[in-house]
Amino acid sequence: MKLNITCIPGDGIGPEIVAQAKKVLNKVALVYDHEMNFRDVLMGGCSIDAYGVPLTQETIDAAKAADAVLMGSIGGNTSTSPWYKLEPSKRPEAGLLGIRKALGLFANLRPAYLYPQLKEACPLKEEAAVKGFDMLIMRELTGGLYFGERYTKEVDGELTATDTLVYKESEIRRIAIKAFEVARKRRKSVISVDKANVLDSSRLWRKVVEEVAKDYPDVALEHMLVDNCAMQLVRDPAQFDVVLTENMFGDILSDEASMITGSIGMLPSASLNDSSFGLYEPSHGSAPDIAGKDIANPIATVLSAAMMLRYTFNLDKEADSIENAVRKVLEEGYRTTDLMGSANEGEFKKVGCREMGDLLVERILYL
Ligand code: IPM
Ligand code: MG
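It should be emphasised that the depicted structure is a prediction, and the values quoted were computed from it without experimental measurement.

## Some points on the site of ligand 1
Thought 1: Taken together, the neighbourhood of ligand 1 is formed by Glu93, Leu96, Arg100, Arg110, Arg139, Tyr146 and Asp251.
Thought 2: At 2.8 Å, a side-chain N or O of Arg139 approaches an oxygen atom of ligand 1.
Thought 3: Starting from 320 Å² of accessible surface for ligand 1 in isolation, the protein chains cover 79%.
Thought 4: Of the residues forming the shell around ligand 1, the biggest block, three residues, is contributed by helix α4 (residues 92–102).
Thought 5: Considering only residue class, the shell around ligand 1 consists of two nonpolar, no polar and five charged.

Printed below as a string of structure tokens:
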């Protein structure tokens with residue numbers, strides 16, 4: 001099969017981690033007889049430096065022309081980088097939001113799974129770590145506070161900032177359907193997270209989710225308030241299967257969920273529309289403080305590439321081969337710095353970003 005993949009390495013650690021994912025995909029192509037066609041384009045801070053804007057039409061066109069997009073991360077240090085002196089609509093993050101909107105990527109799937117090998121790196125109480133967890137956060141990605149009207153103006157003699165949180169029924173329905181569909185292929189439970197005790201948008205969210213649930217009698221639905229969910233995630237994460245939530249709650253809860261897997265460097269993501277097209281990226285950011293040092297963890301990006309094989313190309317065996325390789329390196333005791341937890345140096349074999357990539361490549365096998 002010929003796979004046309006547009007890559008957006010981006011900023012910070014982005015180029016390093018995408019390079020490892022490409023190596024792994026090339027090995028998959030070799031072992032399973034596929035052809036990988038990669039094309040690199042700019043987005044984020046590097047695009048600002050080259051073209052003055054974080055997202056160009058050329059990048060959008062290159063993404064649309066591909067079967068899928070593999071992304072690293074964008075953005076820099078928000079207190080020191082000159083990119084953050086620009087007006088908000090010209091900053092790196094605006095590029096990411098722009099491409100999500102331009103490609104209609106309304107469904108963001110963020111699986112958080114605790115590898116048994118990483119129990120020691122899990123910051124939770126031992127009972128929770130031993131029990132393990134395997135959840136999928138289904139985050140709405142093109143609505144809510146991120147895309148509502150915003151402005152800052154003087155009202156009654158003082159500066160007043162406004163952000164609006166807007167959700168239409170149709171936007172809630174389509175993401176809810178995605179959540180119930182994936183729940184059917186998992187443990188058949190959806191926990192929908194909102195703030196219905198305060199927000200109108202959440203009350204509409206609940207109503208629409210309940211309507212959608214009627215078409216899925218085999219899937220259990222529960223509602224949970226977002227503050228309670230934040231607490232339950234660290235108390236008993238095993239209770240979650242599919243977590244359905246709106247854009248900003250999903251942003252926050254997915255960082256929390258990734259941290260309890262042992263490191264934010266483990267969480268992949270897929271951003272999908274209603275076709276097989278998708279944009280795949282790690283859930284973490286560009287970590288500018290460690291960029292170029294060859295210490296970043298490439299696993300979230302490599303696992304994002306596995307999600308790409310599964311969701312866009314329907315290549316389940318190939319995706320399994322990547323996930324197995326990840327399990328294998330962890331089992332064999334290889335760890336990037338972020339995964340060391342409180343372990344002593346001698347307990348594990350500490351490796352850099354490139355070496356972790358090489359180890360994964362060596363473990364891609366024909367299944
Ligand atoms: C994420 C990131 C982005 C988001 C930022 C970089 C705009 O935090 O993908 O989770 O908030 O969606
Ligand atoms: Mg985030």
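Further notes follow.
## Overview of unusual backbone geometry
Thought 1: Residue Ala287 is not a glycine yet carries a positive backbone phi of 40°.
Thought 2: Mapping Ala287 onto the fold places it in the loop between β12 (278–280) and α10 (299–311).
Thought 3: Residue class for Ala287 comes out partly exposed when judged on its relative accessible area of 24%.
Thought 4: The backbone of Asp294 shows a phi angle near 60°, a positive value even though the residue is not glycine.

## Describing the layout of surface pockets
Thought 1: Looking at the largest pocket, its volume works out to about 960 Å³.
Thought 2: Together, 34 residues line the largest pocket, and Leu136, Arg186, Met307, Arg310 and Tyr311 are the ones closest to its centre.
Thought 3: Elements that contribute at least two residues to the lining of the largest pocket include exactly β4 (107–113), β5 (134–140), α6 (169–184), α10 and α11 (316–331).
Thought 4: Looking at side-chain class alone, the lining of the largest pocket contains 17 nonpolar, six polar and eleven charged residues.
Thought 5: Computed from the structure, the second largest pocket encloses a volume of approximately 590 Å³.
Thought 6: Along the wall of the second largest pocket there are 30 residues; nearest its centre are Glu93, Leu96, Arg100, Tyr146 and Asp251.
Thought 7: Within the residue set of the lining of the second largest pocket, elements represented by two or more residues are β3 (68–73), α4 and α9 (247–260).
Thought 8: Among the elements that line the lining of the second largest pocket, the one with the most residues is α4, at four residues.

## A look at empty space enclosed by the protein
Thought 1: Taken as a whole and judged by the stated rule, the model has one cavity of 30 Å³ or more.
Thought 2: Within this model, the largest cavity holds a volume of roughly 50 Å³.
Thought 3: If you trace the largest cavity, you find it lined by Leu165, Tyr167, Val193, Asp194, Ser201, Ser202, Trp205, Glu246 and Phe249.
Thought 4: Every element with two or more residues in the lining of the largest cavity is listed here: β8 (189–194) and α7 (200–213).
Thought 5: Of the residues forming the lining of the largest cavity, the biggest block, three residues, is contributed by α7.
Thought 6: Across the lining of the largest cavity, the residue classes tally to five nonpolar, two polar and two charged.

Rules used throughout
- All residue numbers here refer to positions counted from 1 along the written sequence of the relevant chain.
- Both sets of labels track the order of writing: A upward for chains, 1 upward for ligands.
- With pLDDT at 70 or above as the cut-off, local features in this predicted model cover only qualifying residues; side-chain atom pairs require 80 or more to be listed or tallied, and sums for whole chains, interfaces and linings still use all residues.
- The side-chain figures draw on all heavy atoms in the structure; neither hydrogens nor water molecules are used.
- Being near a molecule or strand, for a residue, means having at least one of its heavy atoms within 4 Å of it.
- For this analysis, a polar contact is any N or O atom pair within 3.5 Å, provided that within protein one partner can donate a hydrogen and the other can accept it, and provided that sequence-adjacent residues contribute only side-chain to side-chain pairs.
- Under the convention used here, a 1.4 Å probe and the Shrake-Rupley method define accessible areas, while residue burial counts only the protein chains that appear.
- Numbering of helices and strands runs from the N terminus, with a helix taken as a DSSP run of H or I at least four residues long and a strand as a DSSP run of E at least two residues long.
- When residue character is reported, Ala, Val, Leu, Ile, Met, Phe, Trp, Tyr, Cys and Pro are called nonpolar, Asp, Glu, Lys and Arg charged, and the others, Gly included, polar.
- Residue burial is assigned from relative accessible area. The probe radius is 1.4 Å, only protein chains are included, and a residue is buried under 20% of its type maximum, exposed over 50%, and partly exposed in between.
- Buried and open spaces are told apart on a 1 Å grid over the protein atoms alone, a cavity being a set of points where a 1.4 Å probe fits but cannot get out and a pocket being an open set with protein on both sides within 12 Å along at least five of seven lines. Residues with an atom within 4 Å of a point are the lining residues.
- Grid points are joined across faces, edges and corners, and a volume is the space filled by probe spheres set on the points.

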